[in-house]
Amino acid sequence: MNTTNSRKTSMLRSIATEAARHAGRRNKKIVDTFVRLFYANVAVQDLSARTPAMLAAAALSNFDTIAKRRPGKTNIRVHSPDAKRDGWTSPHSFVEVGTDDMPFLVDSASAALAQLGITVALLVHPIMRVKRDGAGNIVEIVEAGSTGGATRAESIVTFEIARQEDAARLKEIADTLTGVYADVRAAVEDWPAMRAEVQGIINDLKLRFAEGTTGEVAEAQDFLQWAHDNHFTFLGYREYEFVGEGKAAKVKVDAKKGLGLLRDSDRLVLSELRHLGSLPSEVQAFVRRPDPVIVSKADAKSTVHRAVTLDTIGVKKFDARGKVIGQRLIVGLFTSTAYSSSPRAIPLLRRKIDKVFTRTGFAPASHDGKALQHILETFPRDELFQIRDADLHDISLGILHTQDHQRVAVFVRLDDFLRYASCFIYVPRERYSYDLRARVQTILEKAFGGEMANYNTEYGETPLARIHMTIALAERRHPDIDIKQIEAEIARAARSWPDNLRRALAAAHEPALARTLADAYGEAFPTSYTDHIDAEATLADVANIHQAVSSNRLTMDLYRPKSAAANELRFKIYHPHVPLPLSDVLPMLEDMGLKVIDEMPHAVTPRTTTHALVMIHDFGLQTRNGAAVDLADVRANFHEVFDRSWSGEMESDGLNALVIGAELGWREIVTLRHFARYLRQVKAPFSQEYMIGALNNNPAIAASLADMFVAKFDPKNKSRDALVEKFRKDILTTLESVTSADEDRVLRRFLNVVDSALRTNFFQMGADGQPKPYLSVKFDSTKIDEMPLPRPLREIFVY
């Protein structure tokens, strides 16, 4: 015996011993056999992950669930073991099922649990030969390989699932599985009867064919025979009778003919047949069309085998004059071979393909013929079953012509019941992405006024990727759509980011510059940037980066996103060569009265000979006091204050907040800083920080002080005295509303300093045409309030 088997045997023995200790009044021999068979096919690693005590308790719980059961019944228990109530506990909940052995038990339950969002930790599924007495009690469980008396094969299906504490949730799981297993039993029990009904239809069609009916009937007969030959899993059968015409049209269900999932005559799988009179005329015409067989999709998902939409095969019933008077409806699921076989090997499909080739006139061995054959072979199989011949011709030919051009193309087929639109979208495969798929979904949902039901993407041998998307229509009517417009929207969405940037640059600049910028920046931006910022919005960034590259110094952009509040801004800094140290930038922004909320860095690598890297630092900002910001009024001043502070041309302290709070320019801020420094020199009893706070808390007065100084010495100001007096009155009036006595004293000292100023170099420019790197003001010292002795007659303070 190999090591694994030996270990498994030892573990089973330990579990059985533990179960025997807690068997109580249960038959210990039967329990011993049950426990060993219960875990016989469970992997060693799953057993070793649990203690023997827990495994034994779980097995005994399962035993109790199936201990008494009559044939034809299903026992289901869903519970979360509790130490006080049950004597054991587990990190999982348990779904325990005992029923007659039959197909689809495990996959149907697994699909149902997945639909409920339940995670399965362990599946245990032994099949045991059980002997029961007349009351349904277990008399014997036959050992594997033994021969016994009258026994029945029973399936014990147990799921360990994520623990559920809510009693209502446990009941929901139990109720769902009760319905699923009832459907499984109905489908399995009625399977022979359904096959017999289908065989009867085949025989009837053979008789009609023998009487000289069309090849279409012969093809329908071959298709049903193909389905009967294990290519279709029969799950339900029903017959309908059509009565009346137009709005008076009704459908009657033959309650005696329901089988499998359709035993209950009230169960809807194709609701359109129940409301025939209210359907559009084209749908009524389709229902009564004399096609012998129609393949479609139901309105409901299967509860048996796979949780996918049920396939339906409708076989028309005719009267003696060939009029459609009803329908036999077969529901189920096509088997895997129906999807893997060549469509030329499947009746109905082979006829559709032949019709397409007949209409096109292509020789199968020709280039176009081979390409068309490939398109039809790889056409979504469900679509191929449902599509009309004319639609298949038009769409497949359109796809053929599209493959010669790497362009976006859209083809649409409307469901015959007007329930959904089946859309085929072809895009260059290198452009396909999850993001594009999501954008295509949005475009189609808006165009059709519906919601996406499902999608599938396929990459073939051609340069195109195919997205097959089904849009459920909100209303049963022909949607008013413009395919060309949809194609144009998807084409815009499918363009690569560099392509969109090239287009935007071409629209914004003359051709030569546009090409230069596109070559330099088309591939320069990282995905962290291109995933969130469209090419149109990048134009400003390209201009600023180009300026940073050309000047070899930082450039800036203070802006407000559309969705931002009035006190929110963003600030981009473009810096060549290296990233900026955040420890240097953040204090400067805080000095400007802002809180930094976030920062998004982007490393841009333009294709230039001089710059391999330009960093974009994009800061999210809020005003510290929550005040709104008029971006248009402060943007230029903000840029200059930051630039000069960064370059060291002006100090960075709390007075820089006046660029936003008082909408001052950098020179006006320097002037107020000059006055603050002077007041400190003449021993004013206020700290620098307190003076800064007083000015920031009263931005209107701060602005008027700066404006008053400028007006007093502006050589171009011809009404100097009147303007200065106006500012003085405004300041004195506003001071009346200042509640802090200390702030009032500070602000009055600033006003006194302005009044005492005699001359300044404020308006003198240096040889470079720029303001001088120092500010000097001559004061009448005799007018300075509280100036300590000895007091000079005149004084010049240089900052």
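Residues numbered from 1 in each chain as written. Predicted model: local features only at pLDDT ≥ 70, side-chain atom pairs only at ≥ 80, totals over all residues. Heavy atoms only, no water.

Just to check I follow, could you spell out empty space enclosed by the protein for this structure?
To find leftover empty space, a probe the size of one water molecule is rolled over the atoms. Under the defined criterion, the tally for this structure stands at three cavities of 30 Å³ or more. In terms of lining residues, the largest cavity is bounded by Leu-270, Phe-286, Val-287, Ile-294, Ser-296, Thr-312, Ile-313, Gly-314, Lys-316, Gln-327, Leu-329 and Phe-417. Contributing elements (two or more residues each) for the lining of the largest cavity: helix H10 (281-287), strand S10 (293-301), strand S11 (309-318) and strand S12 (324-334). A total of four residues in the lining of the largest cavity trace back to one element, the largest contributor, which is S11. Taken together, the residues of the lining of the largest cavity break down into seven nonpolar, four polar and one charged. Reported here for the second largest cavity is a volume of approximately 60 Å³. As for the second largest cavity, its lining consists of Phe-38, Tyr-39, Leu-55, Ala-58, Asn-62, Phe-94, Leu-122, Val-124, Thr-158, Phe-159 and Glu-160. Elements represented by at least two residues in the lining of the second largest cavity include exactly helix H4 (52-66), strand S3 (120-124) and strand S6 (152-162). Residues that form the lining of the second largest cavity fall into these classes: eight nonpolar, two polar and one charged. (1 Å grid on protein atoms, 1.4 Å probe; cavity = no way out; pocket = protein on both sides within 12 Å on 5 of 7 lines; lining within 4 Å. Points joined across faces, edges and corners; volume = space filled by probe spheres on them. Helix = DSSP H or I, 4+ residues; strand = E, 2+ residues; numbered from the N terminus. Nonpolar A, V, L, I, M, F, W, Y, C, P; charged D, E, K, R; others polar.)

Before we go on, may I ask you to explain the packing of aromatic side chains in this structure?
For any two aromatic rings, the description comes down to two numbers: the centre-to-centre distance and the angle of the planes. What the rule picks out here adds up to 27 aromatic pairs. Taking 5.7 Å as the distance between ring centres and 25 degrees as the angle between the ring planes, the aromatic pair formed by Phe-223 and Trp-226 counts as stacked. Linking Phe-223 with Trp-226, this pair stays in helix H9 (residues 215-231), spanning three residues, or about one helical turn. For Trp-226, a relative accessible area of 9% translates into the label buried. Taken together, the ring pairs in this structure connect Phe-223, Trp-226, Phe-232, Phe-234, Phe-334 and Phe-385 into an aromatic cluster. (Phe/Tyr/Trp six-rings, centres within 6.5 Å; stacked < 30°, edge-to-face > 60°. Buried < 20%, exposed > 50% of the residue type's maximum accessible area, 1.4 Å probe, protein only.)

Could you clarify how one ought to interpret the sheet that holds strand S17 (residues 555-559) in this entry?
Strand pairing in a sheet is mediated by backbone hydrogen bonds. Such pairs are either parallel or antiparallel. Pairing is antiparallel across the open sheet formed by four strands, whose spatial order is S17-S18-S20-S19. Looking at the sheet topology across the chains shown, the edges are occupied by S17 and strand S19 (594-604). Across the sheet, the axes of successive neighbouring strands diverge by a mean angle of 15 degrees, strand direction being ignored. Note that S17 and strand S18 (residues 568-576) share five bridges and pair antiparallel. Its bridge partner lying in S18, Asp-557 is registered against Lys-572. Packing of helix H21 (residues 535-551) onto the sheet brings it into contact with S17, S18, S19 and strand S20 (614-623), and relative to S18 it is tilted by some 40 degrees. Where helix H22 (residues 582-591) meets the sheet, its contacts fall on S18, S19 and S20, and the angle it forms with S20 comes to roughly 35 degrees. (Pairing = 2+ DSSP bridges. Axes fitted to C-alpha atoms, helices over the stretch in contact; angles between N-to-C directions. Contact = heavy atoms within 4.5 Å.)

Could you clarify how one ought to interpret helix H18 (residues 497-508) in this entry?
Side chains that are three or four residues apart share a direction in an α-helix, a result of its 3.6 residues per turn. Given a rise of 1.5 Å per residue, twelve residues ought to cover 16 Å, and the 16 Å separating the end C-alpha atoms of H18 matches this to within 8%. Within H18 the residues assigned to the buried category are Trp-497, Pro-498, Leu-501, Ala-504 and Leu-505. Along the axis of H18, the buried residues cluster in a sector spanning 120 degrees; they form a single face. (Expected span 1.5 Å × (residues − 1). Arc of directions from axis to C-beta.)

For this particular structure, what's the right way to read helix H26 (residues 688-697)?
Buried within H26 we find Gln-688, Met-691, Ile-692, Ala-694 and Leu-695. One face of H26 carries all of its buried residues, which in axial projection span an arc of 160 degrees. For H26, exposure combined with an orientation more than 90 degrees from the buried face picks out Glu-689 and Asn-697.

Help me out: how do you make sense of unusual backbone geometry in this one?
Of all residues except glycine, most have a negative phi; of all peptide bonds, most are trans. In this chain, Leu-789 is followed by Pro-790 through a cis amide linkage whose omega measures -10 degrees. By the secondary structure assignment, Pro-790 is in the loop between strand S22 (776-780) and strand S23 (794-798). Here His-577, not a glycine, exhibits a phi torsion of approximately 80 degrees, which is positive. Tracing the chain through its elements places His-577 in the loop between S18 and H22. For His-577, a relative accessible area of 39% gives the class partly exposed. Even without being a glycine, Glu-786 presents a positive backbone phi close to 55 degrees.

For this particular structure, what's the right way to read the side chain of Arg-673?
Tracing the chain through its elements places Arg-673 in helix H25 (residues 666-681). In terms of polar contacts, Arg-673 uses its side chain to reach the side chain of Asn-656, at 2.8 Å. Discounting residues that sit within four places of it in the chain, Arg-673 has contacts with Met-650, Glu-651, Asp-653, Leu-655, Asn-656 and Tyr-799. (Polar contact = N/O pair within 3.5 Å; in protein donor to acceptor, adjacent residues only side chain to side chain.)

What is the right way to look at the layout of surface pockets in this model?
Taken as a whole, the largest pocket holds about 890 Å³ of empty space. Together, 28 residues line the largest pocket, and Lys-297, Thr-309, Asp-382, Asn-454 and Thr-470 are the ones closest to its centre. Here the residues of the lining of the largest pocket are counted per class, giving ten nonpolar, six polar and twelve charged. Taken as a whole, the second largest pocket spans an internal volume of roughly 610 Å³.

Quick question: what am I supposed to make of the pairing of strand S2 (residues 92-100) here?
Sheet faces and side chains relate simply in a regular strand, where the side chains alternate between the two faces. Counting buried residues in S2 gives nine out of nine residues, a clear majority hidden from the surface. Sheet topology places strand S1 (residues 75-79) next to S2; five bridges connect them, and they run antiparallel. Paired with Asn-75 across the strands is Gly-98, a residue of S2. Where S2 lies against S6, nine bridges are found, and the strand directions are antiparallel. In the strand pairing of S6, Ser-93 is matched with Ile-161.

Quick question: what am I supposed to make of the pattern of salt bridges here?
Taken as a whole and judged by the stated rule, the model has 55 salt bridges. For the salt bridge of Glu-640 with Arg-644, the shortest nitrogen-to-oxygen distance reads 3.1 Å. Placement of both Glu-640 and Arg-644 in helix H23 (residues 631-647) is noted, with a separation of four residues, approximately one turn of the helix. Relative accessible area serves as the criterion here: at 30%, Glu-640 is assigned to the partly exposed category. By relative accessible area, which is 12% here, Arg-644 ends up buried. Ionic contacts of the salt-bridge type, sharing partners, join the residues Arg-69, Asp-100, Arg-132, Arg-152, Glu-154, Arg-185, Glu-189, Asp-190 and Arg-263 into one network. (Salt bridge = Lys/Arg side-chain N within 4 Å of Asp/Glu carboxyl O.)

Sorry, what's going on with a nonpolar patch on the surface here?
Judged by side-chain polarity, Tyr-774, Ile-796 and Val-798 come together as a nonpolar surface patch covering roughly 300 Å² of accessible area. Considering the arrangement of structural elements, one finds Val-798 in strand S23. According to the relative accessible area criterion, Val-798 is partly exposed, its value standing at 48%. (Patch = residues over 30% accessible without salt bridge, like charges linked within 9 Å, V, L, I, M, F, W, Y side chains within 5 Å. Areas by Shrake-Rupley, 256 points an atom, 1.4 Å probe, with all protein chains shown as cover.)

Where do I start with the packing of helix H27 (residues 699-713) against helix H28 (residues 720-735) in this structure?
Packed helix pairs are specified by the crossing angle of their axes together with the interaxial distance, meaning the distance between the axes. Interaxial distance between H27 and H28 falls to 9 Å at its minimum, and their mutual angle equals 165 degrees. When the axes of H27 and H28 are compared, the pair comes out roughly antiparallel. Crossing of H27 over H28 shows left-handed handedness. Residues Ile-701, Ser-704, Leu-705, Asp-707, Met-708, Ala-711 and Lys-712 of H27 form the contact with H28, whose participating residues are Arg-720, Leu-723, Val-724, Phe-727, Arg-728, Ile-731, Thr-734 and Leu-735. Among the residues forming the contact of H27 with H28, the class breakdown is nine nonpolar, two polar and four charged. (Parallel < 35°, antiparallel > 145°, perpendicular 65-115°, else oblique. Left-handed = near helix turned anticlockwise from the far one by under 90°.)

Teacher, can you tell me more about the packing of H18 against H21 here?
Contact geometry for H18 and H21: axes closest at 8 Å, N-to-C directions at 65 degrees. Between H18 and H21 lies a crossing of right-handed hand. Along the contact surface, H18 presents Trp-497, Asn-500, Leu-501, Ala-504, Leu-505 and Ala-508, while H21 presents Ala-535, Glu-536, Thr-538, Leu-539 and Val-542. Residues that form the contact of H18 with H21 fall into these classes: eight nonpolar, two polar and one charged.

Honestly, the sheet that holds S23 in this entry has me stumped. Any pointers?
Across the sheet, which stays open at both edges, the three strands sit in the order S21-S22-S23 with antiparallel pairing between neighbours. Here the strands that pair on one side only, and so sit at the sheet edges, are strand S21 (757-760) and S23. Across the sheet, the mean angle separating the axes of adjacent strands is 25 degrees when strand polarity is ignored. Of the pairings in the sheet, the one linking S22 to S23 comprises five bridges and is antiparallel in character. Along S23, the bridge assignment pairs Phe-779 with Glu-795. Most of the contacts of H25 go to S23, to which it runs at about 125 degrees, and overall it touches S22 and S23.

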